[in-house]
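Here's the letter readout for the chains.
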Amino acid sequence: MTLSEYLSTRTIEIDLASLLAEADSYYPRATRTETEKGNTRDAYGRLRSGRAHWISTGGPVLAEIHEGLMCRTVNETTVAGELFPTRSVYIYYEPGDYIGPHQDVQQCERTALVSLTEESSLQIYPAGYPGDEASALDRFLAGPVTGEQCVEMPKGSLVVIDGGRLIHAKRPSTKRCITAAFCFLSA
Ligand SMILES: O=C(O)CCC(=O)C(=O)O
Ligand SMILES: [Fe+2]
């Protein structure tokens, strides 16, 4: 499996101002997620680790983009069967918030990510996360690990990953930032 089968980046024509306005208006209803290192595998065998951020489901703006532009674009990036929208959320990172190395939940066979704020970046581990999984989060938080690659996420551009397989993470942010995350599943 080559990296291009796991990851695709592209520019898109997206109404960022409307998305950002909706994200801001939904912030008061966001809930805090702060998990400890805990279990390193979920029921589907997917790697999990700690995270700290706020999260909110979206409104009509996010839903329309998920079902329209995102769905068309994500289907263009994959040769496998048709993918259908499952879940989309706004993720709000306050300074210091992060997501440790993980694979996405079962609803996210493909995950499309758009940074709504300043340029962001995603760390990826195409060869898997090295070393002992139980210490993965501690080692991630301590600094770059062997095999780590950094994918830039300019504001408003699209990164599509095979989220259920490709291990990825977000380093503790220095500024407040918001990601729109869209999940897709094949029938
Ligand atoms: O915000 C990001 O860039 C990554 C989000 C992510 O990996 C997730 O929500 O599972
Ligand atoms: Fe993820």
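Being a predicted model, the structure only gives us computed values, none of them experimental. (Residues numbered from 1 in each chain as written. Chains lettered and ligands numbered in written order. Predicted model: local features only at pLDDT ≥ 70, side-chain atom pairs only at ≥ 80, totals over all residues.)

Undergrad: An account of the packing of helix H2 (residues 16-26) against helix H3 (residues 60-76) is requested, with residue identities and associated values reported.
TA: Relative orientation of the contacting elements H2 and H3 amounts to 135 degrees, with a least axis distance of 8 Å. Here H2 lies oblique to H3, going by the angle between them. Only Val61, Leu62 and Ile65 of H3 make contact with H2, whose side of the interface consists of Ser18, Leu19 and Glu22. Looking at the contact of H2 with H3 residue by residue, the class counts come to 4 nonpolar, 1 polar and 1 charged. (Axes fitted to C-alpha atoms, helices over the stretch in contact; angles between N-to-C directions. Helix = DSSP H or I, 4+ residues; strand = E, 2+ residues; numbered from the N terminus. Parallel < 35°, antiparallel > 145°, perpendicular 65-115°, else oblique. Contact = placed C-beta atoms within 7 Å. Nonpolar A, V, L, I, M, F, W, Y, C, P; charged D, E, K, R; others polar.)

Undergrad: Any chance you could break down the site of ligand 1 for me, citing the residues and the numbers?
TA: By nearness alone, every residue bordering ligand 1 is listed as Ile91, Ile99, Asp104, Leu113, Ser120, Leu122, His168, Lys170, Thr179 and Ala181. Residue assignment for the shell around ligand 1 shows that the elements contributing at least two residues are strand S7 (120-125), strand S10 (167-170) and strand S11 (177-186). Along the lines of polarity and charge, the residues of the shell around ligand 1 split into 5 nonpolar, 3 polar and 2 charged. (Near = placed C-beta within 6 Å.)

Undergrad: Run through the nonpolar core, naming residues and quoting values.
TA: One finds Ala112, Leu113, Val159, Ile178, Ala180 and Phe182 to be the most contacted residues of the largest nonpolar core, which totals 40 residues. Here this core gets 7 residues from one element, more than from any other, and that element is S11. When near neighbours in sequence (up to four residues on either side) are disregarded, Ala180 contacts Leu19, Leu62, Ser88, Tyr90, Val114 and Leu116. (Core = buried A, V, L, I, M, F, W, Y, C linked by C-beta atoms within 7 Å. Buried ≥ 20, exposed ≤ 12 C-beta atoms within 10 Å, placed from the backbone.)

Undergrad: Outline the confidence of the model for the chain, listing residues and values.
TA: Looking at the chain, pLDDT values average 91 and 96% of them are 70 or higher. When mean pLDDT is taken per element in the chain, H2 scores highest with 97 and helix H1 (residues 3-6) scores lowest with 72. (pLDDT = per-residue confidence, 0-100.)

Undergrad: Lay out the environment of Met70 with the relevant residues and their values.
TA: Relative to the helices and strands, Met70 is located in helix H3. Distance in space between the C-alpha atoms of Met70 and Leu122 is 19 Å, their sequence separation being 52 residues. Not counting residues up to four positions away in its chain, the partners in contact with Met70 are Ile65, Ala112 and Phe182.

Undergrad: Help me get a handle on H2, residues and values and all.
TA: Counting along an α-helix, one turn takes 3.6 residues, and residues three or four places apart therefore face a common direction. Restricting attention to buried positions, one finds in H2 the residues Leu19, Glu22 and Ala23. Looking straight down H2, one finds its buried side chains confined to an arc of 100 degrees; they lie on one side. The exposed residues of H2 that point more than 90 degrees off its buried face are Ala17, Ala21 and Ser25. Considering only its buried residues, H2 is in contact with H3, strand S4 (83-93) and S11. (Arc of directions from axis to C-beta.)

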